[in-house]
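Chain by chain, the residues run as shown.
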Amino acid sequence: MPLFEFKCNDCGYQFEELTSSTATELPLCPECKKADTKKLPSLTSLGSVAGQSGSNQFQAPSCSPGGG
Ligand SMILES: [Zn+2]
């Protein structure tokens, strides 16, 4: 079962909940017990794609000396 992250709009509490993809109802906030929660985008996929920061490196054309 997939693990989704939720955040409470009322108290801002963030929690994880194992819920089915077919489930449409949002879980209650374990902190304030309110149903005013929203599902956050899955953060687990960010693990693999890390690094590769923007590096603008110019590569000069290879010029061999004494061409003939
Ligand atoms: Zn809450």
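Quick caveat, the model's predicted, so the values are computed rather than measured. Within every chain, residues take consecutive numbers counted from 1 along the sequence as written. Residues qualify for local features only when their pLDDT is at least 70, as the model is predicted, and side-chain atom pairs are given and counted only at 80 or more; totals for whole chains, interfaces and linings, by contrast, use all residues. Excluded from the side-chain calculations are hydrogens and water; all other atoms, namely the structure's heavy atoms, are used.

**Things to note about the packing of aromatic side chains**
Heads up, the condition is: Aromatic pairs are defined between Phe, Tyr and Trp rings, using the six-membered ring for Trp, whenever the two ring centres lie within 6.5 Å; interplanar angles under 30 degrees are classed as stacked, those over 60 as edge-to-face, and all others as tilted. When accessible area is computed with a 1.4 Å probe and restricted to protein chains, residues below 20% of their type maximum are described as buried, those above 50% as exposed, and intermediate ones as partly exposed. Look at NZ for Lys and CZ for Arg. If either is within 6 Å of the ring centre and within 35 degrees of the ring normal, a charge sits over the ring.
Taken as a whole, this structure holds two aromatic pairs when the rule is applied. Centroid distance Phe6 to Phe15: 5.8 Å. Interplanar angle 20°. Geometry classified as stacked. You can call Phe6 buried: its relative accessible area is 2%. Taking 6.2 Å as the distance between ring centres and 15° as the angle between the ring planes, the aromatic pair formed by Tyr13 and Phe15 counts as stacked. Given the relative accessible area of 7%, Phe15 is considered buried. Through a chain of ring-to-ring contacts, three or more aromatic side chains come together here, namely Phe6, Tyr13 and Phe15. Above the ring of Phe4, the side-chain terminus of Lys39 is found at 4.4 Å from the ring centroid.

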